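Residue-level structural notes
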Amino acid sequence: MSEIETFPFSLSGAEKIRNYKYGSDWPVVYLIENGRELYVGETIRAYSRTKQHLENGVRKQLKTIHVISDDEFNKSATLDTESSLIEYLVADGKYILQNGNGGLQNHDYFDRERYKGKFELLWKKLQDLNIAKNDLLQIRNSDLFKYSPYKTLTDDQYLIASKLLEYFKEENKQTFIIHGGPGTGKTILATFLIKQLVETGKKDVALVIAMVSLRKTLKKVFRSIPGLNPNMVIGPNEVVNQKYDILIVDETHRLHQRRNIPNYGTFDATNKTLGLGNEGTELDWILKSANQVVLFYDERQSVRPSDISTNKVLESNPIRFELKTQMRVMGGEKYLRFVDDLLENNNEIKADFSDYDFKVYDDLGQMVIDIKKQDKIHSLARIVAGYAWKWVSKNNNKVPDIVIGDNKLFWNSRIHDWVNSPNAINEVGCIHTIQGYDLNYTGVIIGPEISYDPINNKIIVDKSKYLDSNGHKGVNDPEELKRYVINIYKTLLTRGILGTYVYIVDENFRKYFKEKLVQEKEEVVVSSHV
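Residues numbered from 1 in each chain as written. Predicted model: local features only at pLDDT ≥ 70, side-chain atom pairs only at ≥ 80, totals over all residues. Heavy atoms only, no water.

1. Remarks on the pattern of salt bridges
- Inspection of every chain in the model, using the stated rule, returns 31 salt bridges.
- Put simply, Glu 37 and Arg 36 hold a salt bridge, and the shortest N to O gap is 2.8 Å.
- Residue Glu 37 is classed as buried on the basis of its relative accessible area of 12%.
- Glu 72 is the partner of Lys 118 in a salt bridge, and the nearest nitrogen-oxygen pair spans 3.2 Å. Residue Lys 118 is found in helix H4 (residues 112-128), and its partner Glu 72 is found in the loop between strand S4 (64-69) and helix H3 (75-92); the two are separated by 46 residues along the sequence. (Salt bridge = Lys/Arg side-chain N within 4 Å of Asp/Glu carboxyl O. Buried < 20%, exposed > 50% of the residue type's maximum accessible area, 1.4 Å probe, protein only. Helix = DSSP H or I, 4+ residues; strand = E, 2+ residues; numbered from the N terminus.)

Written as structure tokens, this is what we have:
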């Protein structure tokens, strides 16, 4: 059982630690704080480490040290506990942490799951001592926790970050591209890099976010991180305001080219200012405004003709990296492969993810009920849909947008930060409100714009039923349109951390989903509520 002993952070307190049973030659974790700032550390020699901290000018202003010990602690367990405490205490928001973020990394070790259980109990003790404020569930669902630069990095994130930081030292003009599918931690790595650059003295750096909603969310996150500020998170049109040493671009696939955009005049004016013709893109603006550029990119999440093309992204002759480790969906890479194969008509589909709550419904009403149940249990459960219904309620909030049988649903009443809005559980989000966000559970309505031809074993997209005007205007190639719609549903189906529930309007397409699940793995649960 973990215990917490509190001592004055002083020479006399250090002597008391010296006489404490875990004060030397035993792995412990410790917190040093003064009610406003806090430092987290771990050591096997608490006494000597305390004396070292007392000689640190920054640490001297702290007043109290809490030593966390356990007779079952080992070095791996204390390292794990230390990194978890840093992650959670930053997101908890009660203290300003003095820790840097050199790249926290966890590793597996014997009996790790049991130590995770101990951490849950430890956190409650920290709450009792008024060191921690919020419950772990509240913190896990917060944007600050999800996008914090203090997140533990996967091996591939850590290796890529290390290589990039070495390249940055050379200061040669260069573009880097980091490919990564849904849930591989692109945004986490982006915020980590910005924090590292600021800590090493770089001033002219910024994080570029194309999507307004996600940009506003990350501005709020940066406001709460020591050393960062919201002005470091900018839109593509803002990059022309100054010259940057380094620009890091998240969701690069959502940068605009001059096609199906609402503001041609402003777009053309920016191109002219930079000496570009009308063929100039937001990516061109970024490349002209910075010495070094990092592009986080996934062409499979391009959902509109205005999105930058893959060829354009590769024109800059970038140094390329790839993020592979799945961090979001509990079903892991197997689930992502399943979704990919399912929507690409791959007959070799195998539904071999057993630890993920995936259900296909015949009754939309039951899916809505179940998503609301999951929201009460886990929070952040939301219903989302493809763009196959007009946004009628935008002008008359009494008229439902999506009517299927007896079910009458409304589109999202707000665009910015819809996921966290009070009434979101009673609304349906579209691709533009959800891309870039994590949910605990997602209820996906697959609309009538996409169907299945069982005779020819073919997925079909009906342009007349796809109602995002900026999503199909000027698109004459049916295969191009199909690619955008398929990408939308791939994105929607990969938001849920704990589970994804699906209702499909087209009966043949619904049958196709269920058959692929059942025929390959009988034990996968398929919910057919009639």
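2. Considering the sheet that holds S4
- Strand order in the open sheet formed by 5 strands is S1-S4-S2-S3-S5, with mixed pairing between adjacent strands. The sheet is open, and its two edges are formed by strand S1 (3-8) and strand S5 (96-97), each paired on a single side.
- With 2 bridges connecting them, strand S3 (residues 37-43) and S5 associate as parallel partners. Across the sheet, residue Leu 38 finds its bridge partner in S5, namely Leu 97.
- On top of the sheet, helix H1 (residues 11-19) reaches S1 and S4; it is set at about 145 degrees to S1, its chief contact. (Pairing = 2+ DSSP bridges. Contact = heavy atoms within 4.5 Å. Axes fitted to C-alpha atoms, helices over the stretch in contact; angles between N-to-C directions.)

3. Describing the sheet that holds strand S7 (residues 205-209)
- Strand order across the open sheet formed by 6 strands is S8-S7-S9-S10-S6-S11, with parallel pairing between neighbours. Looking at strand neighbours, the two that pair on one side only are strand S8 (233-234) and strand S11 (319-323), the edges of this open sheet.
- With respect to the sheet, helix H7 (residues 155-170) is in contact with strand S6 (174-180), strand S9 (244-250), strand S10 (290-297) and S11, its orientation differing from that of S11 by roughly 160 degrees.
- Across the sheet, helix H11 (residues 282-289) lies against S6, S7, S9 and S10, angled at about 140 degrees from S10, the strand it touches most.

4. Quick notes on H3
- The first and last C-alpha atoms of H3 sit 25 Å apart over 18 residues, in line with the 26 Å expected at 1.5 Å per residue.
- A large share of H3 lies buried, amounting to 15 of its 18 residues.
- Measuring from the backbone nitrogen of Ser 76 back to the side-chain oxygen at the start of H3 gives 3.1 Å, which picks out Asn 74 as the cap.
- Of the residues trailing H3, Gly 93 is marked for its positive phi of about 85 degrees. (Expected span 1.5 Å × (residues − 1). Polar contact = N/O pair within 3.5 Å; in protein donor to acceptor, adjacent residues only side chain to side chain.)

5. Observations concerning the packing of H3 against H4
- The interhelical angle for the contact between H3 and H4, taken along N-to-C directions, is 45 degrees, at an axis separation of 11 Å. If you check the angle between H3 and H4, you find them oblique. Along this stretch, H3 crosses H4, giving a crossing that reads as right-handed. Judged by residue contacts, Ala 77, Asp 80, Thr 81, Ser 84, Leu 85, Tyr 88, Leu 89 and Asp 92 of H3 engage Arg 112, Tyr 115, Phe 119, Leu 122, Trp 123 and Leu 126 from H4.
- For the contact of H3 with H4, a count of residues per class yields 9 nonpolar, 2 polar and 3 charged. (Parallel < 35°, antiparallel > 145°, perpendicular 65-115°, else oblique. Left-handed = near helix turned anticlockwise from the far one by under 90°. Nonpolar A, V, L, I, M, F, W, Y, C, P; charged D, E, K, R; others polar.)

6. Some points on the pairing of S6
- Of all 7 residues that make up S6, 6 are buried, and the element is covered over most of its length.
- Both S6 and S10 contribute to a ladder of 6 bridges, which runs parallel. In the strand pairing of S10, Ile 178 is matched with Phe 296.
- Relative to S11, S6 is paired through 5 bridges, and the arrangement is parallel. Residue pairing across strands places Ile 177 opposite Arg 320, the latter belonging to S11.

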